[in-house]
Amino acid sequence: MVEKKKVLSCIQPTGDIHYGNYFGAVKNWVDLQEKYDCIYGVVDYHAMTAPYNPTKLRANTWELIFNLLAIGVKKENLFIQSLIPEHTELCWIFNCFTSYGQLQRMTQFKDKSNDTGKGEDGFISAGLLDYPVLQAADILVYRADFVPVGKDQEQHLELSRNIAARFNQQVGKDYFVMPETLFTETPKIKSTADPARKMSKSAGEKHYISLFSEDARITKQIKSAVTDAGDTKVGEMSEGVENLFTILKASGKMEAYDSLLADHKAGALKYVDLKETVGAALVAQSTQFKAAKAELMQDKKNIKNQIKYASSEIRKRAQETLREVKDLAGLINVKAGQ
Ligand code: TRP
């Protein structure tokens, strides 16, 4: 049997998932499970790098786990980062193979240390600077072949490869495989309230549509989506209208998509029709996810235990890597007889 290639990706526990996350990433996670050996993590240690609330962090971590399961991520593929201490252990080792200057030059560090990463008192944690090293550990601890992420993460992937190469060079062995970024064609969903920006939570409530919102709220958000001021010419499409078409296509409603697009080309498209169709498509999908989640929530305690168990199984892979890495790095292993 040919071994399947390994895919790894992680998401920070923000609790909610919106359609931008879903169509842009998580739906892809679900689909990749067919073809690859997939491991997906909810990375709670990463969420501590900016000021946060401990009670909320734990609640968000579980919330996200239940959301991911409801969407179709398989239980046995999911882990919680803080349940696998090898991530942080490898992070330390990697710190010693990482250039301090390169960390300071990371775009995400520069952006975040300028705004969201900062506390009210201007505090910037060393964790924020070190964040990409922990990310490299997440990836390399499982010796992942592919990492499906968006373009904004490419710089972190490059750093992971740099760390892997430096480690290999210093220990004189091609131990780590270079992880590749798996760029898949995923639609970029914009905010329906302001189609010039992407759908995101950080911009505020009206800028994202949660997958698990009440039907009425989803319908309302689509109904009030910005289209155009009635000044686009026949054949032209405003960003807002284009975004609605993108959502419709991503929802798989191709027949409706084709026919409404034909209307648009003919200059006969009524935006109410487009909005109604898009709203109905999202609501239909959301209904399914909400039902799946409600079922999981009935069995909350059990599911939590299953996720802890899955994490302990996934941990075994991480432990194997750490044993080998410690040997190569000249550290003492309890069992290796050195
Ligand atoms: N940095 C990623 C993000 O902000 C999250 C992340 C942490 C991640 N560790 C990872 C992504 C490992 C892929 C692989 O989206």
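Residues numbered from 1 in each chain as written. Predicted model: local features only at pLDDT ≥ 70, side-chain atom pairs only at ≥ 80, totals over all residues. Heavy atoms only, no water.

## Structural notes on the overall build of the protein
Our working definition: A run of H or I in DSSP counts as a helix once it spans at least four residues, and a run of E counts as a strand once it spans at least two, with each numbered from the N terminus. With C-alpha atoms as the basis for the radius of gyration, the globule rule is written as 2.2 Å multiplied by the number of residues raised to the power 0.38. Residue contacts are counted whenever heavy atoms from the two residues lie within 4.5 Å of one another. Methods summary: accessible areas were calculated by the Shrake-Rupley approach with a probe of 1.4 Å, and residue burial reflects only the protein chains presented. Positive charges come from Lys and Arg alone, negative charges from Asp and Glu alone, with His and the N- and C-terminal ends not counted. A single reference atom marks each charge: NZ on Lys, CZ on Arg, CG on Asp, CD on Glu.
Along the backbone of the protein there are twelve helices and five strands. At 22 Å, the protein has a C-alpha radius of gyration in line with the 20 Å of a compact globule built from 338 residues. The long-range share in the protein, meaning contacts at least 24 apart out of those at least 6 apart in sequence, stands at 76%. When the accessible area of the protein is evaluated, it comes to approximately 17500 Å², of which 50% is carbon and sulfur surface. Distance between charge centres in the protein, computed from 45 positive and 43 negative side chains, equals 3 Å.

## Notes on the domain arrangement of the protein
Convention followed: All the domain ranges listed were derived from an automatic or database domain assignment. The rule for a salt bridge is simple: a side-chain nitrogen of Lys or Arg has to be within 4 Å of a carboxyl oxygen of Asp or Glu. We define a polar contact as two N or O atoms separated by no more than 3.5 Å, with the added condition that, inside protein, one atom must be a possible hydrogen donor and the other a possible acceptor, whereas residues neighbouring each other in sequence contribute only through side-chain atom pairs.
What the domain assignment reports for the protein is domain 1 (6-186 + 300-329) and domain 2 (201-295). If you average the C-alpha positions of domain 1 and of domain 2, the two centres end up 32 Å apart. Domain 1 puts 13 residues into the contact, and the matching count from domain 2 is 16 residues. At the junction of domain 1 with domain 2, the criterion picks out one salt bridge. Among the salt bridges present, the one from lysine 293 reaches glutamate 63, with a minimum N-O distance of 2.6 Å. Put simply, domain 1 and domain 2 have seven residue pairs in polar contact (both at pLDDT 80 or more) between them. Listed by contribution, the elements that provide at least two residues to the side of domain 1 that touches domain 2 are helix 1 (19-32) and helix 2 (54-71). Element by element, the count of residues in the side of domain 1 that touches domain 2 is highest for helix 2, at five residues.

## Re empty space enclosed by the protein
The condition that has to hold: In this analysis the probe radius is 1.4 Å and the grid spacing 1 Å, with only protein atoms considered; a cavity is a set of points the probe fits into but cannot get out of, a pocket is an open set with protein on both sides within 12 Å along at least five of seven lines, and lining residues have an atom within 4 Å of a point. Grid points are joined across faces, edges and corners, and a volume is the space filled by probe spheres set on the points. Residues were grouped as follows: Ala, Val, Leu, Ile, Met, Phe, Trp, Tyr, Cys and Pro as nonpolar; Asp, Glu, Lys and Arg as charged; and all remaining residues, including Gly, as polar.
Applying the stated criterion across every chain, the model contains one cavity of 30 Å³ or more. Its volume calculated, the largest cavity comes out at about 40 Å³. Forming the walls of the largest cavity are Met106, Gln108, Phe109, Leu128, Tyr131, Pro132 and His156. Contributing elements (two or more residues each) for the lining of the largest cavity: helix 5 (107-114) and helix 6 (126-140). Per-element tally for the lining of the largest cavity: the top contributor is helix 6, with three residues. Each residue belonging to the lining of the largest cavity can be placed in one class, and the counts come to five nonpolar, two polar and no charged.

## So, unusual backbone geometry
Leaving glycine aside, a negative phi is the common case for residues, and trans is the common case for peptide bonds. Notably, arginine 143 is not glycine yet its phi reads approximately 45°, a positive angle. With respect to the helices and strands, the residue arginine 143 is situated in the loop between helix 6 and strand 4 (146-147).

## Structural notes on the layout of surface pockets
Roughly 250 Å³ of internal volume is contained in the second largest pocket. Residue lining of the second largest pocket: 13 residues in total, with Asp44, Arg58, Thr61, Ile80 and Ser82 positioned closest to the centre. Take the lining of the second largest pocket: its biggest share by element is five residues, from helix 2. Here the residues of the lining of the second largest pocket are counted per class, giving eight nonpolar, two polar and three charged.

## Things to note about helix 9 (residues 239-250)
Rule in force here: Expected span of a helix, by definition, is 1.5 Å for each gap between consecutive residues, and there is one gap fewer than residues. For every residue, the accessible area (1.4 Å probe, protein chains only) is compared with the maximum for its type, and the residue is labelled buried under 20%, exposed over 50%, or partly exposed between those bounds.
With twelve residues, helix 9 extends 16 Å between its outermost C-alpha atoms, agreeing within 8% with the 16 Å of an ideal straight helix rising 1.5 Å per residue. Among all positions of helix 9, only Gly240, Val241, Asn243, Leu244, Phe245, Ile247, Leu248 and Ala250 are buried. Among the structural elements, helix 1, helix 8 (215-223), helix 10 (254-265) and helix 11 (271-298) are those in contact with the buried residues of helix 9. Once helix 9 ends, the next one or two residues include glycine 252, with phi positive near 85°.

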